[in-house]
Amino acid sequence: MTDLSITILPETGDDALAIDRLHERTFGPGRYARTAYRIREGIGHDLELSYTARIGTLLVGSLRLSPVRIGDTPALLLGPLTIEPPFRDRGIGMALMQRALADAKARGHRLIILVGDEPYYARVGFKRIPRGRVKMPGPVDPARLLVAELEEGAFDGIKGAVRPDWAEG
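Criteria and thresholds
- Residues numbered from 1 in each chain as written.
- Predicted model: local features only at pLDDT ≥ 70, side-chain atom pairs only at ≥ 80, totals over all residues.
- Heavy atoms only, no water.
- Core = buried A, V, L, I, M, F, W, Y, C linked by side-chain atoms within 4.5 Å.
- Buried < 20%, exposed > 50% of the residue type's maximum accessible area, 1.4 Å probe, protein only.
- Helix = DSSP H or I, 4+ residues; strand = E, 2+ residues; numbered from the N terminus.
- Contact = heavy atoms within 4.5 Å.
- pLDDT = per-residue confidence, 0-100.

1. As for the nonpolar core
Part 1: Among the nonpolar cores identified, the biggest contains 27 residues, and L63, L65, L78, L96, I112 and F126 are the most heavily contacted of them.
Part 2: Of all the secondary-structure elements, those providing two or more residues to this core are β2 (51-55), β3 (58-70), β4 (73-83), α3 (92-106), β5 (111-115) and β8 (145-149).
Part 3: The leading source of residues in this core is α3, at seven residues.
Part 4: Residues contacting I112, with those up to four places away along its chain left out, are L65, L76, L78, L101, A104, F126, L146, V147, A148 and L150.
Part 5: Grouped together as the second largest cluster of nonpolar side chains are 16 residues, A75, I113, I129 and L145 included.

See below:
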């Protein structure tokens, strides 16, 4: 692993165009059909809990958190997490997630969900949601629906449909 001097900062409105271009390069036009994107279309992400990773002035990564509800329970939806391809496998995604989870916890959030690969996200505490407990508003592989409890036991008894949290957005 090459040592890089990475700066992680909260996203600002000025970052939007560069982040949109990063998403376009890494996910392509098919990203709009994904269920998680459809949820995020309904509500803006939380700028105070969304981050950029830079090497100098070069944007090399981004992570966004959006307010959602699982049934009546407030939660955050992580994603997209995007790293420029030449800078992958250098710990940038992990650094972005560690910052986002720590800051979300410090602000009193208890749950974060995402759609992703469990072996990767488990390194920061995500685990598979038991089948049938949480329903996304579109097709999702149940093995890829993950949750991180920012407070032990926060997911106990939680179930329901995921939807944008209009009160927070």
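2. Concerning the confidence of the model for the chain
Part 1: Scored by pLDDT, the chain has a mean of 89; 88% of the residues are at 70 or more.
Part 2: Of all secondary-structure elements in the chain, the lowest mean pLDDT belongs to helix α2 (residues 35-41), at 65, while strand β6 (residues 127-128) reaches the highest, 98.

3. A few points about the side chain of D165
Part 1: By secondary structure assignment, the location of D165 is in the segment after β9 (160-164).
Part 2: Looking at D165, the relative accessible area reads 3%, which means it is buried.
Part 3: Ignoring any residue separated from it by four or fewer positions in sequence, one finds D165 in contact with I43, P67, V68, R69 and P74.

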